[in-house]
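# Chain and residue survey
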Protein chains: 4
Amino acid sequence: MAVHSHPARPAVLGQNQYGKAENRVVKITRDGATHHVKDLNVSVSLSGAMEEVHYSGSNAHVLPTDTTKNTVYAFAKEYGIESAEQFGIHLARHFVTSQEPIHRARIRIEEYAWDRIETSREGAHSFVREGRETRLAQITYDGEKWEVVSGLKDLVVMNSTDSEFWGYVKDKYTTLPEAYDRILATEVSGRWRFNWTDDAREMPDWEKSYEQTRKHLLQAFAETYSLSLQQTLYQMGARIIDHRDEIDEVRFSLPNKHHFPVDLEPFGLKNDNEVYVAADRPYGLIEATVLRDGCEARIPVDLTDL
Amino acid sequence: MAVHSHPARPAVLGQNQYGKAENRVVKITRDGATHHVKDLNVSVSLSGAMEEVHYSGSNAHVLPTDTTKNTVYAFAKEYGIESAEQFGIHLARHFVTSQEPIHRARIRIEEYAWDRIETSREGAHSFVREGRETRLAQITYDGEKWEVVSGLKDLVVMNSTDSEFWGYVKDKYTTLPEAYDRILATEVSGRWRFNWTDDAREMPDWEKSYEQTRKHLLQAFAETYSLSLQQTLYQMGARIIDHRDEIDEVRFSLPNKHHFPVDLEPFGLKNDNEVYVAADRPYGLIEATVLRDGCEARIPVDLTDL
Amino acid sequence: MAVHSHPARPAVLGQNQYGKAENRVVKITRDGATHHVKDLNVSVSLSGAMEEVHYSGSNAHVLPTDTTKNTVYAFAKEYGIESAEQFGIHLARHFVTSQEPIHRARIRIEEYAWDRIETSREGAHSFVREGRETRLAQITYDGEKWEVVSGLKDLVVMNSTDSEFWGYVKDKYTTLPEAYDRILATEVSGRWRFNWTDDAREMPDWEKSYEQTRKHLLQAFAETYSLSLQQTLYQMGARIIDHRDEIDEVRFSLPNKHHFPVDLEPFGLKNDNEVYVAADRPYGLIEATVLRDGCEARIPVDLTDL
Amino acid sequence: MAVHSHPARPAVLGQNQYGKAENRVVKITRDGATHHVKDLNVSVSLSGAMEEVHYSGSNAHVLPTDTTKNTVYAFAKEYGIESAEQFGIHLARHFVTSQEPIHRARIRIEEYAWDRIETSREGAHSFVREGRETRLAQITYDGEKWEVVSGLKDLVVMNSTDSEFWGYVKDKYTTLPEAYDRILATEVSGRWRFNWTDDAREMPDWEKSYEQTRKHLLQAFAETYSLSLQQTLYQMGARIIDHRDEIDEVRFSLPNKHHFPVDLEPFGLKNDNEVYVAADRPYGLIEATVLRDGCEARIPVDLTDL
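Presented here is an overview of the structure given in this document. (Residues numbered from 1 in each chain as written. Chains lettered and ligands numbered in written order. Predicted model: local features only at pLDDT ≥ 70, side-chain atom pairs only at ≥ 80, totals over all residues. Heavy atoms only, no water.)

### Let's talk about the packing of helix H4 (residues 206–223) of chain D against helix H5 (residues 229–243) of chain D
The angle between the axes and the distance between the axes are what describe a pair of packed helices. Residue and element names in this part refer to chain D. Interaxial distance between H4 and H5 falls to 8 Å at its minimum, and their mutual angle equals 140 degrees. Overall, the two elements H4 and H5 adopt an arrangement that is oblique. In this structure, H4 crosses over H5, and the sense of that crossing is right-handed. Contacts between H4 and H5 pair Thr213, His216, Leu217, Gln219, Ala220, Phe221 and Glu223 from the former with Thr232, Gln235, Met236, Arg239, Ile240 and His243 from the latter. Along the lines of polarity and charge, the residues of the contact of H4 with H5 split into five nonpolar, six polar and two charged. (Axes fitted to C-alpha atoms, helices over the stretch in contact; angles between N-to-C directions. Helix = DSSP H or I, 4+ residues; strand = E, 2+ residues; numbered from the N terminus. Parallel < 35°, antiparallel > 145°, perpendicular 65-115°, else oblique. Left-handed = near helix turned anticlockwise from the far one by under 90°. Contact = heavy atoms within 4.5 Å. Nonpolar A, V, L, I, M, F, W, Y, C, P; charged D, E, K, R; others polar.)

### Here's the deal with the pattern of salt bridges
This structure, assessed with the given rule, holds 112 salt bridges over all chains. Ionic pairing is found between Glu178 of chain B and Lys170 of chain B, a salt bridge with its closest N-O pair at 2.9 Å. Residue Glu178 of chain B is classed as partly exposed on the basis of its relative accessible area of 30%. For Arg244 of chain C, the salt bridge goes to Glu246 of chain C, with nearest N and O atoms at 3.0 Å. Each member of the pair, Arg244 of chain C as well as Glu246 of chain C, carries the same accessibility label: buried. Through salt bridges with shared partners, one network takes in Lys38, Glu85, Glu111, Arg135 and Glu207 of chain A. (Salt bridge = Lys/Arg side-chain N within 4 Å of Asp/Glu carboxyl O. Buried < 20%, exposed > 50% of the residue type's maximum accessible area, 1.4 Å probe, protein only.)

### Describing the relation of the copies chain D and chain A
Two copies of one chain are present, and they are related through a rotation about an axis combined with an axial shift. Superposing chain D onto chain A takes a rotation of 180 degrees plus a shift of 0.0 Å along the axis, which leaves an RMSD of 0.0 Å. On the angle and the small slide along the axis, the relation comes out as a two-fold axis. For chain D, the smallest separation between a C-alpha atom and the rotation axis is recorded for Thr304 of chain D, amounting to 3.6 Å. Here 99% of the contact residues of chain D are again contact residues in chain A; the copies associate through an equivalent surface. (Least-squares fit on C-alpha atoms with pLDDT ≥ 70 in both.)

### A word on the interface of chain D and chain A
Tallying the contact residues gives 95 residues for chain D and 94 residues for chain A. When chain D packs against chain A, close to 7,900 Å² is buried across both sides, 53% of that on carbon and sulfur atoms. The shortest N-O distance in the salt bridge between Glu22 of chain D and Arg281 of chain A comes to 2.8 Å. At the junction of chain D with chain A, the criterion picks out 50 residue pairs in polar contact (both at pLDDT 80 or more). No other element matches strand E1 (residues 11–21) of chain D, which puts 11 residues into the side of chain D that touches chain A. In terms of strand pairing, strand E1 (residues 11–21) of chain A meets strand E13 (residues 283–292) of chain D through nine bridges, oriented antiparallel. By the bridge assignment, Lys20 of chain A is partnered in E13 of chain D with Gly284 of chain D. (Buried area = accessible area lost by both parts, 1.4 Å probe. Polar contact = N/O pair within 3.5 Å; in protein donor to acceptor, adjacent residues only side chain to side chain. Pairing = 2+ DSSP bridges.)

### Some points on the packing of aromatic side chains
Counted by the stated rule, this structure contains 44 aromatic pairs over all chains. Ring centres 4.8 Å apart and planes at 85 degrees place the aromatic pair Phe194 of chain B and Trp206 of chain B in the edge-to-face group. One end of the pair, Phe194 of chain B, is in strand E9 (residues 184–194); the other, Trp206 of chain B, is in helix H4 (residues 206–223), with 12 residues separating them in the sequence. Accessibility assignment for this pair places Phe194 of chain B and Trp206 of chain B in one class, buried. A ring pair is formed by Phe75 of chain D and Tyr79 of chain D, whose centres lie 4.9 Å apart and whose planes are at 55 degrees; its orientation type is tilted. For Phe75 of chain D, a relative accessible area of 3% corresponds to the buried category. Counting every residue linked through ring pairs, the aromatic cluster contains Tyr141, Trp146, Phe194, Trp196 and Trp206 of chain A. Just above the ring of Tyr210 of chain B sits the side chain of Arg135 of chain B; from NZ or CZ to the centre is 4.4 Å. (Phe/Tyr/Trp six-rings, centres within 6.5 Å; stacked < 30°, edge-to-face > 60°. Lys NZ or Arg CZ within 6 Å of the ring centre and 35° of its normal.)

### Here we look at the relation of the copies chain C and chain B
After a rotation of 180 degrees and a shift along the axis of 0.0 Å, chain C superposes on chain B with an RMSD of 0.0 Å. When the interface residues of chain C are mapped onto chain B, 99% of them are again interface residues, pointing to one common binding face.

### Notes on unusual backbone geometry
Residue Pro282 of chain B follows Arg281 of chain B across a cis peptide bond; omega there is -10 degrees. Phi at Asp154 of chain A takes a positive value of approximately 70 degrees, unusual for a residue other than glycine. Relative to the assigned elements, Asp154 of chain A resides in strand E8 (residues 146–159).

### Re the environment of Leu218 of chain A
By secondary structure assignment, the location of Leu218 of chain A is in helix H4 (residues 206–223). Sequence separation between Leu218 of chain A and Val148 of chain A is 70 residues, and the spatial gap between their C-alpha atoms is 22 Å. With residues up to four places along the chain from it excluded, the contact list for Leu218 of chain A reads Leu155 and Val157 of chain A together with Ile117 and Val128 of chain B.

### A word on the interface of chain C and chain B
How big an interface is tends to be expressed through the accessible area that disappears when the partners come together. Residue-level contacts link 95 residues of chain C with 94 residues of chain B. Taking both sides of the interface into account, the surface hidden between chain C and chain B amounts to around 8,000 Å²; carbon and sulfur atoms contribute 53%. Summed over the three residues of chain C that lose the most area to chain B, namely Val169, Tyr173 and Tyr234 of chain C, the buried surface amounts to 9% of that side. Counting across the interface, chain C meets chain B through six salt bridges. Remark: the boundary between chain C and chain B carries 50 residue pairs in polar contact (both at pLDDT 80 or more). When residues in the side of chain C that touches chain B are grouped by element, the largest group, 11 residues, is from strand E1 (residues 11–21) of chain C. Here the side of chain C that touches chain B is built from residues that sort into 37 nonpolar, 35 polar and 23 charged.

### A look at helix H2 (residues 65–78) of chain A
All names here are of chain A. For H2, which comprises 14 residues, the first-to-last C-alpha distance of 20 Å matches the rise-based estimate of 20 Å (1.5 Å per residue) to within 8%. Of all the positions in H2, only Thr65, Asp66, Thr67, Thr68, Asn70, Thr71, Val72, Tyr73, Ala74, Phe75 and Ala76 are classed as buried. Among the residues trailing H2, Gly80 stands out with phi positive, at a value near 70 degrees. (Expected span 1.5 Å × (residues − 1).)

### Topic: the side chain of Glu147 of chain D
Residue and element names in this part refer to chain D. Position of Glu147 among the secondary structure elements: in strand E8 (residues 146–159). On the basis of relative accessibility, which here comes to 15%, the residue Glu147 falls in the buried class. Glu147 has contacts with Gln138, Ile139, Thr140, Arg193 and Arg298, leaving out every residue within four places of it along the chain.

### Looking at the pairing of E8 of chain D
Along E8 of chain D, 13 of the 14 residues are buried, which leaves the element largely enclosed by surrounding structure. One ladder, built from three bridges, connects strand E6 (residues 126–129) of chain C with E8 of chain D; its direction is antiparallel. Within E8 of chain D, the position partnered with Phe127 of chain C by the bridge is Met158 of chain D. Sheet topology note: the strand E7 (residues 134–141) of chain D/E8 of chain D ladder contains eight bridges and is antiparallel.

### Quick word on H5 of chain D
An α-helical segment advances 3.6 residues per turn. Residues three or four places apart therefore align on the same side. The first and last C-alpha atoms of H5 of chain D sit 21 Å apart over 15 residues, in line with the 21 Å expected at 1.5 Å per residue. In terms of residue burial, H5 of chain D counts as a mostly covered element, since 11 of its 15 residues are buried. Here H5 of chain D has its buried residues at Leu229, Gln230, Gln231, Thr232, Leu233, Tyr234, Met236, Gly237, Ala238, Ile240 and Ile241 of chain D. Tucked into the core, H5 of chain D has its buried residues touching E1 and helix H1 (51–55) of chain A together with strand E9 (184–194), H4, strand E10 (247–256) and E13 of chain D.

### Topic: the side chain of Glu110 of chain D
Take Glu110 of chain D: it is sitting in strand E4 (residues 102–111). Of the polar contacts made by the side chain of Glu110 of chain D, one reaches the side chain of Lys153 of chain D; its length is 2.8 Å.

Okay, here's the thing in structure tokens:
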């Protein structure tokens, strides 16, 4: 019998990071009576020479998380918020370059979109929150290379036809009937990694990139005649890789939001794919990465957002 | 000393109601390759001659909650879902008129809106969930009179200027500085009661009424130069009463989603109403009813939705 | 055809209230190295002569919600927190008696319980949050009479046998099979109203009353052989009325957390009430008031907590 | 300027997995009138030869997620639920050994604990949900090696003294005053990896291991005089490594649930560490791995639970 444990060996510190999470910053930019709003939730995570604070409690290398919060608000004034990605780049660069013990900074941002309310009065400073998806950005910097991963979550989509599911494996626990016309619905959680990694190269246009990537994933979802949610997922990722040169990797986590046709026969009624129950749990969960051929996969298997 | 308690007196049953809550029904209507979707969450609540089931456990008067669930799905097929309100009227009438022990039915409905995804292919059966507000409807019927209360929740709005707050009472616990240009933001929860109460009168156009009422409340929020959130609330309600003859009562619950200007002076920066922290808790909570003069207030003080 | 609407009539203000909601206050009391903790979420709601702030925006009668927040924290120091109810009584009395325009104050409190962590070191100042239920208290004062309603929410209970459901009404939409041994589970939300209403009478012992009422409702749930959840609910309420003289009214909202036996026959297995699926939605919802005979029902039909 | 993008390269499939998430299974074991309950939320995730279903939509290698759900319920009958870990091992082994295209199975389980309700009647089949923490288990099997990671989340703990924070880095954005007696509170999310990896070795006693590990982390939290949350975190991990031979790696994610002393001076009161505001956002977030020396770190940087 092999022995794998080593109880005599003591504990040591492994990977660690710290910072202030969920700094809610709203930036109003006034162009006369026309206002613009950026509404972010910013989380800072720093790593580096942090052994001492763990082993002895010495904070000599620790920039307080409260300071990282202050920096978020100060930078909103100093740099403005052109895009979530650009704002994160300013922050990450600052922490790594201004604090010797900090070797890596990761900034995570949620962005909430606002539309304008139409009014009869002059000026444009009334807004209604666009509740659809939450936009995401993660910026990581180690003093040399950048990694930018953008994405979204909570985008709920549905095709009410053009979806089938049959020809699958049947074992002794299989009872599912095959389906030749079903609803396909999911709540998209997606992340995409940019191939921009160093300051010597020109940055992507982050706002345009987001808008176009979102459009491609929505259209691929809608235009794919689906034989499985896996196939639809792959088409969504491939469409982005094919159309957006700045992106090398996409990962999706797609819960299959089941819509089951209700059996109305006990009531003498025929349900011709008209009446569905929208189920909560359990749900199929389909997750995959789509890569530009030859590129490295770096987005973690399990997506997280804060 | 007055004596108010009567410990010798036994327990008796008071108001009671029961039913199946949160039946998630999705109805697809196919007009060739163009599909239409109605997505509801329906809760049924029945009252009547229900003493025995409470006192002895006899279910002789009890239509099972499972049956009320089945009825929701069967009616989606039998009647379709023209509007949440009309669907609730069908259900409430059925329970009260078909079951002798049931004297009152209350149907509560949440409705989730879907937009179409633009595609290049033929047909129109791809949708993205409009995440903004949740539409609400409550239909109550006692066999004679109807009460219909519609509404919405989770509609987040913001004015980035044209809001002040000053001239208030100052006591020994008051530290708040007066504000002459602040952000005013809230998450609107509103309910409005229709004056349609009997079958002899023509029903309102429920879909048009919702759309117009929502428009008026948004515009009143945006167009009111605000000296307090109470004033804005009243204007939102009065605008609806003035423009929608079918509505006699409106109630709003408006949390003041505080956006505090960040003090940037410690960093040598001036915050000219540009950078705000969006706070979570605590929050001001402003609640009020606006009535058509002479009409009775029937919407409860505390709004609930399921 | 009757005419019920009066479009010509203008809008007027109805019931209204305002205050700061969800003030999170933690009070540490130090008895040497032994510490005690009270952890509350306090919401203040004030009513009175508030027409002007709604009609014209004049804040001359408005004590700012920020001040009500400050008062919560100051009173935690000045009076301590003996119990949620007693703390709410101090607050409500203060607002009504110190501010002429305020005619009614309602204080709502959530309380989170903490247990001690056993340690080998001296002192007792380490705690783990008892996550079971949230305790609730609502104190209302109009300058003359008190109304105190206490309660709890989120208390999940289950009987794995001694529950049946049969003998119910069957209509054309009924498909449910009768059950002679089922799981009965619910998430208790309860409120109970005290008959203490004026300062001339001695207050109940709020802490003991809560502890005993909670015990009685748990035991009544466990000890009732159930023929319907309505019957169990009534027994829970009646047990409280019978044992607690200080309480005249109880209301429960009990979602029937369905546990359905899984059909294992397709897999050649017999499910002898062993394996259940715990369902989310929909759920039966049973709500009722139990009163001391002759007492007035004052707890609203729909329970709310903040 | 370096060129890093390769727009001409096509999309390819990367890591992928699928299965049914959040299967809610409740198992009642009857020992006469004494019942025992296991209450789990089980998520299945399978990987293997799944290229075709992504590229072409062929489901020839796909065991339906519905079948994985059925298997969970059937196995609860066939094997019982001795512990979450043992149950996951049965499931993972089944999927990998019975389905040729499946090369790896990962089972994730949440477990909800129940206590007994004390009653005067015979039998023991009434329960109240212990709401404190949620227990977690993750079992991964590739046909050769096992990886078992257990853990918990939502365990809220607090020390009301014996915590300081000073001696930290001060830059131009630092405004935080040093603290020499503060509240330290966090909501523990922890994961620990077992060194049991192959069937030839004897399995740990999963239930006892959980109970002891939880005890050690609680005591280390309570007994560490804290100079920083990082130090406390390390002590919690090291205590587990030192006392539990079966565990080689621990990772914690500890939000610093800030409790700020309220400034009562404007009201003429002194706050001697008695009255605190419990803040929501933002919060410090401290994350780290503690390893047995020489062992590999395998728990991902970002903890996820379903």
